[in-house]
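Secondary and tertiary structure notes
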Amino acid sequence: MSFVELLLIAVGLSMDAFAVSVCKGLSVKKLSAKHALIAGAYFGGFQFLMPVIGWFLGSRFEHIITSFDHWIAFGLLMIIGINMIQESFSKAEELNDDFGVKTMLMMAVATSIDALAVGVTFACLDVSILPASALIGVTTFFLSALGIYIGHIFGLRFKAWAERAGGAILILIGVKILLEHLGVISF
């Protein structure tokens, strides 16, 4: 998998965290760099950790699923992408200005579950997990921190767009993986 593909996956996966960060930024009355760093650390940290966990799980069963791993990658990316797009049409989330451990931990886990599934996909595609996960984590860190500021300045205008764009990116990468395996395209 190329760097560009990994970067697109990283951006796609970070859109949930970005959208939540926009909401968090909107809820903060007096914004400080501390808010952006907390959001970036939690969201980026879990987006780094979850693909690693998924990769280890996928690697344990790689010998069993090798013959149909491209279908797994395609299916997981499609499901995650479609789910992100559907969520973008749901009602707005409740604003919460709490940056405490319990709140941030719950949100970080919730926004990184899809990264766990992508980690399983990475095991099927023989992706080097630590650099890929680091790219996902760093990308999410920066986009989450940026989301705090964007939310504080602009409000919710970018939330739905971010979720739709992230979902579309993941769907397109899933289709590309399948088409490459079937020999329809090659990059």
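The sections below set out a description of the structure shown in this document. (Residues numbered from 1 in each chain as written. Predicted model: local features only at pLDDT ≥ 70, side-chain atom pairs only at ≥ 80, totals over all residues. Heavy atoms only, no water.)

1. Observations regarding the side chain of S133
Following the sequence through the fold, S133 ends up in helix 6 (residues 129-154). The class for S133 is buried, based on a relative accessible area of 0%. The contacts of S133, once residues within four sequence positions are left out, are Q47, F48, P51 and V52. (Helix = DSSP H or I, 4+ residues; strand = E, 2+ residues; numbered from the N terminus. Buried < 20%, exposed > 50% of the residue type's maximum accessible area, 1.4 Å probe, protein only. Contact = heavy atoms within 4.5 Å.)

2. Here's the deal with the packing of helix 1 (residues 3-27) against helix 5 (residues 101-125)
Closest axis-to-axis distance for the helix 1/helix 5 pair is 11 Å, and the angle between their directions is 165°. Viewed along their axes, helix 1 and helix 5 adopt a mutual orientation that is roughly antiparallel. Considering how the two elements wind past one another, helix 1 and helix 5 form a crossing that is right-handed. For the pair formed by helix 1 and helix 5, the contact residues are L6, I9, L13, D16, A17, V20 and K24 on the first element and T103, M104, M107, T111, D114, A115, V118 and F122 on the second. (Axes fitted to C-alpha atoms, helices over the stretch in contact; angles between N-to-C directions. Parallel < 35°, antiparallel > 145°, perpendicular 65-115°, else oblique. Left-handed = near helix turned anticlockwise from the far one by under 90°.)

3. Looking at a nonpolar patch on the surface
Together, F48, L49, I53, L57 and L130 line one region of the surface with nonpolar side chains, adding up to about 420 Å² of accessible area. Locating F48 in the fold gives a position in helix 2 (residues 33-60). What makes F48 partly exposed here is its relative accessible area of 32%. (Patch = residues over 30% accessible without salt bridge, like charges linked within 9 Å, V, L, I, M, F, W, Y side chains within 5 Å. Areas by Shrake-Rupley, 256 points an atom, 1.4 Å probe, with all protein chains shown as cover. Salt bridge = Lys/Arg side-chain N within 4 Å of Asp/Glu carboxyl O.)

4. Some words on the environment of V184
With respect to the helices, strands and loops of the structure, V184 is situated in the segment after helix 7 (159-181). Measuring from C-alpha to C-alpha, the distance between V184 and D114 comes to 27 Å, with 70 residues separating the pair along the chain.

5. A closer look at the packing of aromatic side chains
For the structure on display, the rule yields three aromatic pairs. Summarising the aromatic geometry, the rings of F141 and F142 are spaced 5.4 Å apart at their centres and angled 90° between planes, so their arrangement reads as edge-to-face. Taking the relative accessible area as the measure of exposure, F142 reaches 54% and is therefore exposed. Over the ring of F99 we find K24, and its NZ or CZ is 4.6 Å from the ring centre. Across from the ring centre of F89, 4.0 Å away, lies the NZ or CZ of R164, which sits over that ring. (Phe/Tyr/Trp six-rings, centres within 6.5 Å; stacked < 30°, edge-to-face > 60°. Lys NZ or Arg CZ within 6 Å of the ring centre and 35° of its normal.)

6. Thoughts on the nonpolar core
By size, the foremost hydrophobic cluster in this structure holds 28 residues, and its most contacted members are I9, L13, F18, V118, F122 and L170. Where this core is concerned, the elements lending two or more residues are helix 1, helix 2, helix 4 (69-88), helix 5, helix 6 and helix 7. The element contributing the most residues to this core is helix 1, with seven residues. For F18, the residues in contact, after removing those within four places along its chain, are L143, S144, G147, I150, F158 and A162. Of all hydrophobic cores here, the second largest spans 14 residues; its members include F43, M107, A145 and I148. (Core = buried A, V, L, I, M, F, W, Y, C linked by side-chain atoms within 4.5 Å.)

7. Focus on the packing of helix 2 against helix 6
As a packed pair, helix 2 and helix 6 sit with axes 7 Å apart at the nearest point and diverge in direction by 155°. As judged from the angle between their axes, helix 2 and helix 6 are roughly antiparallel. Of the two possible hands of crossing, helix 2 and helix 6 adopt the one that is right-handed. The class makeup of the residues in the contact of helix 2 with helix 6 is 18 nonpolar, eight polar and no charged. (Nonpolar A, V, L, I, M, F, W, Y, C, P; charged D, E, K, R; others polar.)

8. What to know about the pattern of salt bridges
Summed over the entire model, instances satisfying the criterion amount to one salt bridge. Here K176 and E5 are joined by a salt bridge, their closest N and O atoms 2.2 Å apart. Residue K176 is found in helix 7, and its partner E5 is found in helix 1; the two are separated by 171 residues along the sequence. Exposure class is identical for K176 and E5. Each is buried.

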